[in-house]
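# Chain and residue survey
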Amino acid sequence: MVVVARPTYLEGMMSDIRAEIAGGQAGTGEAGFGDYVQLLKPRVMSLVVFTALVGLLVAPVRLHPIEALAAIIFIALGAGASGALNMWWDADIDRLMKRTAKRPIPAGSIAPGEALGLGVALSGISVIMLGLAANWLAAGLLAFTIFFYAVVYTMWLKRSTPQNIVIGGAAGAFPPMIGWVVATGSVSLEAVLMFALIFMWTPPHFWALALFMNSDYSKAKVPMLTVTHGRRVTRAHIIAYTLALVPVAIGAGLTGIGGPVYLAVAVVLNAVFVLGAWRIWHRTEEAAGTDGYRVEKRFFTFSLAYLFCHFAAFLIEATPWAAALRAQFSFWGA
Amino acid sequence: MMAITREHELHKRRLGRNIGVSVVLLAFIFLVFGLTIAKVQRGGSVEAFDHTYRPGIDPAVRPLIGSGE
């Protein structure tokens, strides 16, 4: 006869406490500070900070360093707020995808309501503070960006159309424009081109990811192009959008924020990017499956360097050394 | 004794979060303070509201100052 000892009330209580201490349960409020940082999507935030900073530094108006620092912090906070709202809304599908299953809400460390509260509060704080620190046009653009990412992309487009990341990409493209508006107080051609560069870059970047992460999106029933139209059509879309990106990237080099250094960098990067997209277009599924989507993964990694190097080149063009070089050319020197 | 140990661990865990929040709030205070200093240093418009009559900014008097009368 097997005797199973029933746990006493005290043992049960201790077991609950142990579980709480060990991992943190949903809604217990036992999340660590790092969990809240994760909720703000720090990796996306770093890209936002970098591009917004470039937009601010390449503008022809100099700001007080403290004002510039405050503006960047509030733009980053706004991006973090939209990240928290995105995680709150998408908690159900994040649970299903390998890539997102460890996020704070599906992992159980932060309650959904807490993420919503933090997202709404940080949205309000970031927009009002940016308005006070810089100007209200920049604050309005930040508010629109948060709305676009949290409502238009996350709640509406993401689960309803394969064009989700094409239109939704606008949210990620606004930061350099906001940085420019913080410094100048208005939108100009240069700001629009920096926006367009990220906007046109987003589809090939995400579709390359979708090619080798397709099972994740299928499982969560997210209608990525790879799920709704298949990989063949996605490959064709990648080359089409990459070709459309080239004139935008090169065109920015002919404006006030461009110059010979930027143009040289852009020509090389775009040639490599088009070559990569061309290879992806010509690949069969058999070949991709055999080498574990090596070309697609390399294209995805290169796409990150592509964007970083373009914005780094804008930054180089804003230095006195590059200005002196630019003056040697009649096109930019005039 | 056991209960105290458990509670201590729990409090320690919360301490990390509380310190994090404190650091963020302090940073926010310093940022707003710095921002205020930067704005005041730059603020030419503040001059118009210092409750002191300044002939230099009085539209009625300014032309007379310019003409040397």
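Residues numbered from 1 in each chain as written. Chains lettered and ligands numbered in written order. Predicted model: local features only at pLDDT ≥ 70, side-chain atom pairs only at ≥ 80, totals over all residues.

### Things to note about the overall build of chain A
- Check the secondary structure of chain A and you find 18 helices and zero strands.
- With the C-alpha coordinates aligned to their principal axes, the bounding extent of chain A is approximately 95 × 55 × 30 Å.
- Out of the 334 residues in chain A, the part that is buried amounts to 45%.
- Summarising the internal contacts of chain A: among those between residues at least 6 apart in sequence, 73% fall at separations of at least 24. (Helix = DSSP H or I, 4+ residues; strand = E, 2+ residues; numbered from the N terminus. Buried ≥ 20, exposed ≤ 12 C-beta atoms within 10 Å, placed from the backbone. Contact = placed C-beta atoms within 7 Å.)

### A look at the overall build of chain B
- In terms of helices and strands, chain B carries two helices and zero strands.
- Burial status across chain B gives 1% buried among its 69 residues.

### Brief notes about the interface of chain A and chain B
- Taken together, the contact pairs eleven residues of chain A with twelve residues of chain B.
- For the side of chain A that touches chain B, the secondary-structure elements that each account for two or more residues are α1 (9-23) and α4 (65-89) of chain A.
- In terms of residue count, α4 of chain A provides more of the side of chain A that touches chain B than any other element does, four residues in total.
- By residue class, the composition of the side of chain A that touches chain B is seven nonpolar, two polar and two charged. (Nonpolar A, V, L, I, M, F, W, Y, C, P; charged D, E, K, R; others polar.)

### Thoughts on α4 of chain A
- Here α4 of chain A is 25 residues long and its end C-alpha atoms lie 36 Å apart, about the 36 Å a rise of 1.5 Å per residue gives.
- Burial analysis of α4 of chain A places 20 of its 25 residues in the buried class, which makes it a mostly covered element. (Expected span 1.5 Å × (residues − 1).)

### Looking at the domain arrangement of chain A
Residues and elements named next belong to chain A.
- Segmentation of chain A into domains returns domain 1 (33-102 + 110-186) and domain 2 (227-334).
- For domain 1 and domain 2, the distance between their C-alpha centres works out to 24 Å.
- Facing six residues of domain 1, the contacting portion of domain 2 comprises eight residues.
- By residue class, the composition of the side of domain 1 that touches domain 2 is five nonpolar, one polar and no charged. (Domains from an automatic or database assignment.)

### Thoughts on the nonpolar core
- The biggest cluster of nonpolar side chains holds 100 residues, and the ones touching the most others in it are L56, A71, I75, A84, L130 and I178 of chain A.
- Leaving out residues up to four positions away in the same chain, I178 of chain A has contacts with A52, G55, I75, A138, L141 and L142 of chain A. (Core = buried A, V, L, I, M, F, W, Y, C linked by C-beta atoms within 7 Å.)

### Things to note about unusual backbone geometry
All names here are of chain A.
- Backbone geometry places K221, a non-glycine residue, at a positive phi of 60°.
- Position of K221 relative to the elements: it lies in the loop between α11 (214-219) and α12 (225-228).
- The phi angle at Y293 is positive, at roughly 55°, despite the residue not being glycine.

### Some remarks on the confidence of the model for chain A
- Across chain A, the average pLDDT comes to 88, with 91% of residues at 70 or higher.
- Counted against residues more than four places away or in other chains, residues 1-27 of chain A, with its pLDDT under 50, gives 18 contacts. (pLDDT = per-residue confidence, 0-100.)

### Thoughts on the packing of helix α13 (residues 230-252) of chain A against helix α14 (residues 260-282) of chain A
Residues and elements named next belong to chain A.
- The contact between α13 and α14 brings their axes to 8 Å, and the two run at 170°. Compared by their axis directions, α13 and α14 come out roughly antiparallel. Along its contact with α13, which presents R235, A236, I238, I239, T242, L243, V246, A249 and I250, the element α14 presents A266, V267, N270, F273, V274, A277, W278, I280 and W281.
- The residue inventory of the contact of α13 with α14, partitioned by class, reads 15 nonpolar, two polar and one charged. (Axes fitted to C-alpha atoms, helices over the stretch in contact; angles between N-to-C directions. Parallel < 35°, antiparallel > 145°, perpendicular 65-115°, else oblique.)

### Overview of helix α10 (residues 189-212) of chain A
- Over its 24 residues, α10 of chain A extends 36 Å from the first C-alpha to the last, a length consistent with the 34 Å expected when each residue adds 1.5 Å.
- Buried residues dominate α10 of chain A, accounting for 20 of its 24 residues.

### Let's talk about the environment of R235 of chain A
Residues and elements named next belong to chain A.
- Summarising the element assignment, R235 is placed in helix α13.
- Counting along the chain gives 52 residues from R235 to A287, while the straight-line C-alpha distance between them is 14 Å.
- Among all residues touching R235, those that are not within four sequence positions of it are I280, W281 and R283.

### Considerations on the packing of α14 of chain A against helix α16 (residues 294-317) of chain A
All names here are of chain A.
- Packing of α14 against α16 brings their axes to within 10 Å, and their N-to-C directions diverge by 165°. It follows that α14 is roughly antiparallel to α16 by the angle criterion. Handedness of the α14/α16 crossing: left-handed. For the pair formed by α14 and α16, the contact residues are V261, Y262, V265, A266, L269, V272, F273, G276, R279 and I280 on the first element and V295, E296, F299, F302, Y306, C309, H310, A313, F314, I316 and E317 on the second.
- A breakdown of the residues in the contact of α14 with α16 according to their chemical character gives 16 nonpolar, two polar and three charged. (Left-handed = near helix turned anticlockwise from the far one by under 90°.)

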